[in-house]
Amino acid sequence: MSLLKTIDTNPTFGPRESGPLPERLISGNPAFKTWAQDVARGETVHSGVWEATPGETRSIKGETFEFCHILSGLIEITPEGGEPVVYKAGDSFVMKPGFVGVWKTIETVRKIYVTVS
């Protein structure tokens with residue numbers, strides 16, 4: 001097993017398709033695609049590519065740390081009690097454990113993610 005992993009931003013294998021939990025949906029009808037590409041450290045670290053169509057959902061990280069790098073699209077994230085922040089292609093950000101807020105996909109977004117639980 002190699003200790004170097006390249007994340008394929010345009011994977012040729014099929015994604016896992018899903019949607020938001022009903023209790024987290026705020027507006028729209030967003031659809032999610034996940035191309036999981038690596039798991040490590042006893043299933044506590046995950047990485048891959050994720051895509052979402054427009055809509056608005058509650059984002060609740062719980063104990064999970066997530067790094068995101070936006071490949072395409074446009075989103076607005078509003079932390080609970082905070083001001084909205086807009087991210088577009090080329091931007092990177094981290095949502096730390098305990099983060100709660102609103103994730104609004106304005107234009108279909110594709111991102112690289114790394115989560116640590």
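The structure displayed is predicted, hence computed values, not measured ones.

UniProt records the feature "domain: (S)-ureidoglycine aminohydrolase cupin" (unreviewed entry) at residues 41–113, using the numbering of this structure. Annotated as 0% helix and 70% strand, the span residues 41–113 places its first and last C-alpha atoms 16 Å apart.

Below, the discussion takes up the pairing of strand β7 (residues 85–88). Direction of pairing for strand β6 (residues 65–79) relative to β7: antiparallel, over a ladder of four bridges. Note that in β7 the partner of Ile 75 across the bridge is Tyr 87. Connecting β6 to the antiparallel partner β7 that follows it, the hairpin turn spans five residues, and Gly 81 within it adopts a positive phi of roughly 75°.

One pass over the full model with this rule turns up five salt bridges. Across the pair Lys 111 and Glu 66 runs a salt bridge, and its minimum N-O distance is 2.7 Å. One end of the pair, Lys 111, is in strand β9 (residues 100–116); the other, Glu 66, is in strand β6, and 45 residues separate them in sequence. In this structure, the salt-bridge partner of Lys 88 is Asp 91, at a minimum N-O distance of 3.8 Å.

The tendency in soluble globular proteins is for nonpolar side chains to be buried side by side. Counting residues in each nonpolar core, the largest one holds 14 residues, and the members touching the most others are Trp 50, Ile 75, Ile 77, Phe 93, Trp 103 and Val 109. Those elements giving two or more residues to this core turn out to be β4 (45–52), β6, β8 (92–95) and β9. With four residues, the top contributor of residues to this core is β6. In contact with Ile 77, other than residues within four places in its own chain, are Glu 83, Pro 84, Val 85, Tyr 87, Phe 93, Phe 99, Val 102 and Trp 103.

Definitions and limits used
Residues numbered from 1 in each chain as written. Predicted model: local features only at pLDDT ≥ 70, side-chain atom pairs only at ≥ 80, totals over all residues. Heavy atoms only, no water. UniProt positions renumbered as here; feature names shortened; annotations may be inferred. Helix = DSSP H or I, 4+ residues; strand = E, 2+ residues; numbered from the N terminus. Pairing = 2+ DSSP bridges. Salt bridge = Lys/Arg side-chain N within 4 Å of Asp/Glu carboxyl O. Core = buried A, V, L, I, M, F, W, Y, C linked by side-chain atoms within 4.5 Å. Buried < 20%, exposed > 50% of the residue type's maximum accessible area, 1.4 Å probe, protein only. Contact = heavy atoms within 4.5 Å.

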